[in-house]
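What follows is each chain in one-letter form.
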Amino acid sequence: SMYRGQEINLLLNHYFSPAYKINDFSKFQTPFLFIGTNLFTGEQVILNKGYLQMAVRSSMSIPGYFSPTEYEGYYLVDGGVVNNYPAREVKAMGAEIIIGGDVQTGLLKTRAELASIPAVLNQILSFSRIRANEIGDSLTNLMVKFKMSYGIMDFDKYDSIIALGELVARSHLKFDNNISLSRRFVIQPGIFAGAILQDEIPPIQHWFGLGGLTPDNYISIFVPFTGLNFVQRFGFYSLVGRMKLQCNVYNNLYGNFRADVGATEPGIDELFDPGNFLAGYGVTASYDSFIGPLEFSIMGSNLNPGPMFFLNLGYWF
């Protein structure tokens, strides 16, 4: 292989270290599995228990690029060699609705397209996973197709790939809770309610967290709340109501007024205790520029009574 993968091992250990005590992947907040390929037999291996970091590493050992990985008695390379879309395996775990994302380009047809090592490797891998993709497609409720110019080696372009993925995914989002009051005014009510039911107290990354507003957050239990810094409240039970009012002041210039009320607490009784009640409020001046939103916000809350100032220089690639 071109790389033994020491740096990627360190990176995976850094990000997944909070889960070092969990060896059964079905015990995570969202149960999941990986697929590896047995390099001795060519058969797929389902990775659903053991050491999380090495399971991830085993499932991404692209042949020729990363060295094979020894894991749970197997000698493994990337599971995409035999099954790049394990919808059947996820269905067997109990998934009722499957939403898939297809970033594959299909088989290349010309010599010019096969002029690089990554292109040849990807072409070879594509031969054996066609049948698995057909099975996966038949079990999928919604398949989202992505047309992109990125390849399997474009690791350094992750930010652009994430941005493209979000853009395409949002085009499939049919729900819109905006209520138009007039040509200039739009109101957006919202409510969030959640409960984490566990026999044992889970690690803190599985608690609900109320924190400051952020446009890009990929932690499903993070609940944005106006007037808070980072994550200031944690709990097993969460109930938040919010209201946003947007005014189109002039052309691409907008004014936004927002208010959030609610709480998140370890106990259901504490959730409705008036002493734990939070209220946040804020106003934002926003300009929709060609590089994304340019915003200046002033916010506050009963937890942070002093004014808080935020400047957002948005961009989109």
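Throughout what follows, the structure given in this document is the object of discussion. (Residues numbered from 1 in each chain as written. Predicted model: local features only at pLDDT ≥ 70, side-chain atom pairs only at ≥ 80, totals over all residues. Heavy atoms only, no water.)

1. Details of the sheet that holds strand β10 (residues 222–224)
Okay, so step 1: Pairing in this open sheet of 3 strands is mixed, and the strands run β10-β9-β11 from one edge to the other. Of all strands in the sheet, those bounded by a partner on one side alone are β10 and β11 (231–235). Taken pair by pair, the neighbouring strands of this sheet meet at an average axis angle of 25°, ignoring direction.
Okay, so step 2: Alignment of strand β9 (residues 208–211) against β10, held across 3 bridges, turns out to be parallel. Paired with Leu210 across the two strands is Val223, which belongs to β10. (Pairing = 2+ DSSP bridges. Helix = DSSP H or I, 4+ residues; strand = E, 2+ residues; numbered from the N terminus. Axes fitted to C-alpha atoms, helices over the stretch in contact; angles between N-to-C directions.)

2. Structural notes on helix α4 (residues 117–139)
Okay, so step 1: A rise of 1.5 Å per residue sets the reference length of α4, with its 23 residues, at 33 Å; its end C-alpha atoms lie 33 Å apart and thus fit the reference within 8%.
Okay, so step 2: The largest bend in α4 is about 50°, located at Arg129.
Okay, so step 3: Within α4, burial applies to Ala119, Leu121, Asn122, Gln123, Leu125, Ser126, Arg129, Ala132, Asn133, Ile135 and Gly136.
Okay, so step 4: Of the surrounding secondary structure, the elements contacted by the buried residues of α4 are α3 (87–92). (Expected span 1.5 Å × (residues − 1). Bend = angle between axes of the 7 residues up to and from the residue. Buried < 20%, exposed > 50% of the residue type's maximum accessible area, 1.4 Å probe, protein only. Contact = heavy atoms within 4.5 Å.)

3. Topic: the packing of helix α1 (residues 6–16) against helix α2 (residues 52–59)
Okay, so step 1: At a minimum axis separation of 9 Å, α1 and α2 run at an interaxial angle of 135°. What the angle tells us is that α1 and α2 run oblique. In this structure, the crossing between α1 and α2 has a hand that is right-handed. Counted together, Ile8, Asn9, Leu12, Asn13 and Phe16 of α1 and Leu52, Gln53, Val56 and Arg57 of α2 form the full contact between these two elements.
Okay, so step 2: Looking at the contact of α1 with α2 residue by residue, the class counts come to 5 nonpolar, 3 polar and 1 charged. (Parallel < 35°, antiparallel > 145°, perpendicular 65-115°, else oblique. Left-handed = near helix turned anticlockwise from the far one by under 90°. Nonpolar A, V, L, I, M, F, W, Y, C, P; charged D, E, K, R; others polar.)

4. Observations regarding the side chain of Ser61
Okay, so step 1: Looking at the secondary structure, you find Ser61 in the loop between α2 and β3 (69–71).
Okay, so step 2: At 2.6 Å, the side chain of Ser61 forms a polar contact with the side chain of Arg57.
Okay, so step 3: Excluding its chain neighbours within four sequence positions, the residues that come into contact with Ser61 are Phe66, Ser67, Thr69, Leu76, Val77 and Asp78. (Polar contact = N/O pair within 3.5 Å; in protein donor to acceptor, adjacent residues only side chain to side chain.)

5. Focus: the side chain of Asn38
Okay, so step 1: Here Asn38 is to be found in strand β1 (residues 34–38).
Okay, so step 2: A polar side-chain atom of Asn38 sits 2.9 Å from the main-chain amide nitrogen of Phe40.
Okay, so step 3: If we ignore the near neighbours within four places in the chain, the residues touching Asn38 are Glu43, Val45, Tyr74, Tyr75 and Leu76.

6. Looking at the sheet that holds strand β2 (residues 44–47)
Okay, so step 1: Spatially, β2-β1-β4-β3 is the arrangement adopted by the 4 strands of the open sheet, whose pairing is antiparallel. At either margin of the open sheet sits one strand with a lone partner, and together these are β2 and β3. Sheet twist, expressed as the average angle between the axes of neighbouring strands with direction ignored, equals 50°.
Okay, so step 2: Alignment of β3 against strand β4 (residues 74–78), held across 3 bridges, turns out to be antiparallel. When the bridges of β4 are listed, Thr69 appears paired with Leu76.

7. Remarks on the nonpolar core
Okay, so step 1: Counting 14 residues, the largest nonpolar core has Phe25, Phe28, Phe34, Leu47, Leu52, Ala55 and Tyr71 as its most contacted members.
Okay, so step 2: It is α2 that contributes the most residues to this core, 3 residues altogether.
Okay, so step 3: Among all residues touching Phe34, those that are not within four sequence positions of it are Phe25, Val45, Ile46, Leu47, Leu52, Ala55, Val56 and Ser59.
Okay, so step 4: If you look at the next biggest cluster of nonpolar residues, it comprises 11 residues, including Ile196, Trp207, Phe208 and Val223. (Core = buried A, V, L, I, M, F, W, Y, C linked by side-chain atoms within 4.5 Å.)

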